[in-house]
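# Fold and geometry: a report
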Amino acid sequence: MCMRPGAGIVFSKVNYSMTNNWLLLCIVLVCSQAKAQQNIPIGSWRTHYSFRDSHSVSSNPDGLFTAGSNSLFYLDNEDLSLTKVGKIDGLSDTNIASIGYHDNSNTLVIAYANGNIDLLADNKVFNLPTLLSAPTGASKRTNDITFEDNLAYLATDFGVVVVDLVKSEIQEAYTNIGIQGGMTAILAGDVFRDSLFLATPEGLISGALSPGNNLQDYSNWYRFGLLDGLPTEGVSNVGSSINQLFASVDFDGIYLKQGKDWVRLDFDLSYPVLHMTSATEVVVITTSRSVITIDNNLTVSESTNEIYPRPQSTELTGETLMIADSVNGLIFSGPDMATSVFPNGPFSDSISSVHFLNDVLFALPGGYDNTGKPLRSNLGFYVFQEGSWVNYNSTGLLETEPFPNVKDLVDVTYNTDNDNYYFASFGEGIIEWTPGNEARILDETTQGSSLQNALPPGRNVLVSCVLADQQGNIWAGNYGNPSPLHKYDPEDKSWSSYQTVFPAGRYPLHFELLDHGDFWLQLDPVSYTHLTLPTNTVTWG
């Protein structure tokens, strides 16, 4: 268990290189006593995040914060270092929903999916658990954060939460502001001139931010509709430049407020709008596939780039556009180039098991659901050695090492006789691999193989576990096979299989080799059976 070190936060800087790269990853806590991890003191904890999947970016005068669901890091503009920030550093929670930086108070607002809120200022974290502990069955997720004066307006799934950043407290909440006082989700918000504009599933609404206007009363919100020139369905976001207010309608277009009316721009939206960035001279619109800019002359420009294939939100700093991308993390996009930066970490936060073999830590993403169905995941595997992660898969992304396009790696073993690693793939069979060399797939088509494809012609050679014995043999559990246990001899390429006399024995998930040569097999659903060798029949122990 990780202990939160009080309210203080200690930043630990790491250097990085800027590469045209797909970015990195989410969260997994890996605790290892491996002597190979020399920069981790014995008895201490270290968090390992995936920083590829980023969804929010927000800047302050000295740098940029970038957040993913389970990760947060800071880029320092001066020395170009990255600072990883997590629970072990003082944050109160995980699963970040949205972030926003407030310049006047020098505060980063961190809103979590469960309603928890952290205020990070002066390297200290102040937690606001009020919303987290509020007795409501509604989702408390924050979708967007906008600021006015010293207030933060959090657009949540149940309404608006107003946070006073000077007093570090929740000032009020606007709930039940939907039609006829019903509850409605707030998708995004923007302050334009003297009013707060909110995008909701029921359409765009606005409320004046005057002292005498009670915005907790739904009747004090104006609801834009067809009579105003704006559809009520599909409104997904709202944003503004210094003199212009825009609203997006998914799979329709972008609408400009002119006086009391709305006018549709001559531009079609092909993808859902995820975010709008309000700036002085332009509005930046982030769709699920592209980035759109609209200047004060209403010139619309759309850009795509393979380095940000799944943009989520943007931040404009001078002429440089910062993009949070769910594939490539933080992207610098300028007139002539696009570059990504990221801290080192595992390729994904999808990790089902870790294995310490030959002074190397392997993290595997797993390969089947609760019903035993393959996930068809091509995430590969992640290796932690000498304080750094190396990621192997078939994606071809920068900062990854090549590995065959095999799915659903669920187990790995090391053979000391030939210095090879053997992976269990829940679909492809067994993968024999020597670091630095090509991998070899052992499946039902391999000469002499006793492995079976459970459901041809698809790839369903469901190997659930592997183990190397002291003689250099590789044992494998073949899920769904009447002969669930198989032995492969890498020296003479021979195969043997062992049958079961009861149906449950066909579904091994894990096994242990005993000192006297017998096996214990864990079966699906959870039960155990005993296998005595050299007989080719499984019997109950």
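Definitions and limits used
Residues numbered from 1 in each chain as written. Predicted model: local features only at pLDDT ≥ 70, side-chain atom pairs only at ≥ 80, totals over all residues. Heavy atoms only, no water. Helix = DSSP H or I, 4+ residues; strand = E, 2+ residues; numbered from the N terminus. Buried < 20%, exposed > 50% of the residue type's maximum accessible area, 1.4 Å probe, protein only. Contact = heavy atoms within 4.5 Å. Phe/Tyr/Trp six-rings, centres within 6.5 Å; stacked < 30°, edge-to-face > 60°. 1 Å grid on protein atoms, 1.4 Å probe; cavity = no way out; pocket = protein on both sides within 12 Å on 5 of 7 lines; lining within 4 Å. Points joined across faces, edges and corners; volume = space filled by probe spheres on them. Nonpolar A, V, L, I, M, F, W, Y, C, P; charged D, E, K, R; others polar. Salt bridge = Lys/Arg side-chain N within 4 Å of Asp/Glu carboxyl O. pLDDT = per-residue confidence, 0-100. Pairing = 2+ DSSP bridges. Axes fitted to C-alpha atoms, helices over the stretch in contact; angles between N-to-C directions.

### Things to note about the side chain of Thr184
Among the structural elements, Thr184 can be located in the loop between strand 15 (169-175) and strand 16 (188-192). Looking at Thr184, the relative accessible area reads 5%, which means it is buried. Not counting residues up to four positions away in its chain, the partners in contact with Thr184 are Asp157, Phe158, Gly159, Ile177, Gly178, Thr200, Pro201 and Glu202.

### Points about the packing of aromatic side chains
Tallying each qualifying case throughout the model produces 28 aromatic pairs. Look at Phe362 and Phe423: their rings are 6.1 Å apart centre to centre, the planes differ by 65 degrees, and that puts the pair in the edge-to-face class. You can see Phe362 sitting in strand 33 (residues 360-364) and its partner Phe423 sitting in strand 38 (residues 420-427), a full 61 residues away along the chain. Assigned by exposure class, Phe362 and Phe423 land together as buried. A ring pair is formed by Phe381 and Trp433, whose centres lie 5.2 Å apart and whose planes are at 70 degrees; its orientation type is edge-to-face. Linking Phe381 in strand 34 (residues 381-385) with Trp433 in strand 39 (residues 429-433), this pair joins segments that are 52 residues apart in sequence.

### Looking at empty space enclosed by the protein
Going through the model one piece at a time under the given rule, you end up with two cavities of 30 Å³ or more. Around the largest cavity, the lining comprises 13 residues; the ones closest to its centre are Tyr49, Asn70, Leu91, Asp93 and Thr94. Looking at side-chain class alone, the lining of the largest cavity contains six nonpolar, five polar and two charged residues. Estimated volume of the second largest cavity: approximately 30 Å³. As for the second largest cavity, its lining consists of Arg46, Thr47, His48, Tyr49, Lys84, Asn344, Gly345 and Trp389. Looking at which element gives the most residues to the lining of the second largest cavity, the answer is strand 3 (residues 47-49), with three residues. Its residues placed into classes, the lining of the second largest cavity shows two nonpolar, four polar and two charged.

### Side note on the pattern of salt bridges
Summed over all chains, the structure comprises six salt bridges. Across the salt bridge formed by Arg264 and Asp252, the nearest N and O atoms sit 2.9 Å from each other. Separated by 12 residues along the polypeptide, Arg264 in strand 23 (residues 261-268) and Asp252 in the loop between strand 21 (245-249) and strand 22 (253-258) bring together distant segments of the chain. Notably, a salt bridge pairs Arg459 with Glu428, separated by 3.6 Å at the nearest N-O pair. Within this pair, whereas Arg459 is found in the loop between strand 40 (440-442) and strand 41 (461-468), its partner Glu428 is found in the loop between strand 38 and strand 39, the two being separated by 31 residues in sequence. Linked by salt bridges that have partners in common, Glu428, Asp443, Glu444 and Arg459 make up one network.

### A look at the confidence of the model for the protein
One rule of thumb: low pLDDT means the predicted coordinates there are not for detailed reading. Per-chain confidence: the protein averages 87 in pLDDT, with 89% of residues scoring 70 or above. Below a pLDDT of 50 lies the segment residues 1-38, which in the model reaches 139 contacts outside its immediate sequence neighbourhood of four places, other chains included. Scored below 50 in pLDDT, residues 537-541 shows 20 contacts in the model against residues more than four places distant or in partner chains.

### Examining the sheet that holds strand 36 (residues 401-402)
In spatial order, the strands read 32-33-34-35-36; together these five strands make up an open sheet with mixed pairing. Each having just a single partner strand, strand 32 (353-357) and strand 36 make up the two edges of the open sheet. By the bridge criterion, five bridges tie strand 32 to strand 33 in an arrangement that is antiparallel. Within strand 33, the residue paired with Leu357 across the bridge is Val360.

### Focus: the pairing of strand 17 (residues 195-200)
Among the six residues in strand 17, six count as buried, and that is most of the element. Of the two faces of strand 17, the one lined by Ser195, Phe197 and Ala199 and the one lined by Leu196, Leu198 and Thr200 are each fully buried. When strand 16 meets strand 17, the two strands line up antiparallel, connected through five bridges. In the sheet register, Asp190 faces strand 17, and the bridge partner there is Phe197. Two strands pair when backbone bridges link them, and strand 17 and strand 18 (residues 203-208) are joined in this way by six bridges, in the antiparallel orientation. Bridging across to strand 18, Leu198 finds its partner in Ile205. Count of turn residues in the strand 17/strand 18 antiparallel hairpin: two residues.

### Quick look at unusual backbone geometry
A cis amide bond links Pro456 with the next residue in sequence, Pro457, at an omega value of 10 degrees. By the secondary structure assignment, Pro457 is in the loop between strand 40 and strand 41. The backbone phi angle of Asn106 is positive, close to 50 degrees, even though this residue is not glycine. By secondary structure assignment, the location of Asn106 is in the loop between strand 8 (96-102) and strand 9 (107-112). Judged by its relative accessible area of 41%, Asn106 is partly exposed.

### Observations regarding the sheet that holds strand 27 (residues 300-303)
Strand order in this open sheet of four strands is 24-25-26-27, and the pairing throughout is antiparallel. Edge positions in the sheet fall to strand 24 (273-278) and strand 27, since each of these pairs with one other strand and no more. Strand after strand, the sheet turns through a mean of 20 degrees between neighbouring axes, direction not considered. Direction of pairing for strand 24 relative to strand 25 (residues 282-287): antiparallel, over a ladder of five bridges. What sits directly across from His275, in strand 25, is Thr286.

### Quick notes on the pairing of strand 34
For strand 34, the tally of buried residues reaches four of five residues, placing the bulk of the element in the interior. Direction of pairing for strand 33 relative to strand 34: antiparallel, over a ladder of three bridges. What sits directly across from Phe362, in strand 34, is Val383. With five bridges joining them, strand 34 and strand 35 (residues 388-393) adopt antiparallel strand pairing. Among the inter-strand pairings, Phe384 is bridged to a residue of strand 35, identified as Trp389. What sits between strand 34 and strand 35 in their antiparallel hairpin is a turn of two residues, with Glu386 showing a positive phi close to 55 degrees.

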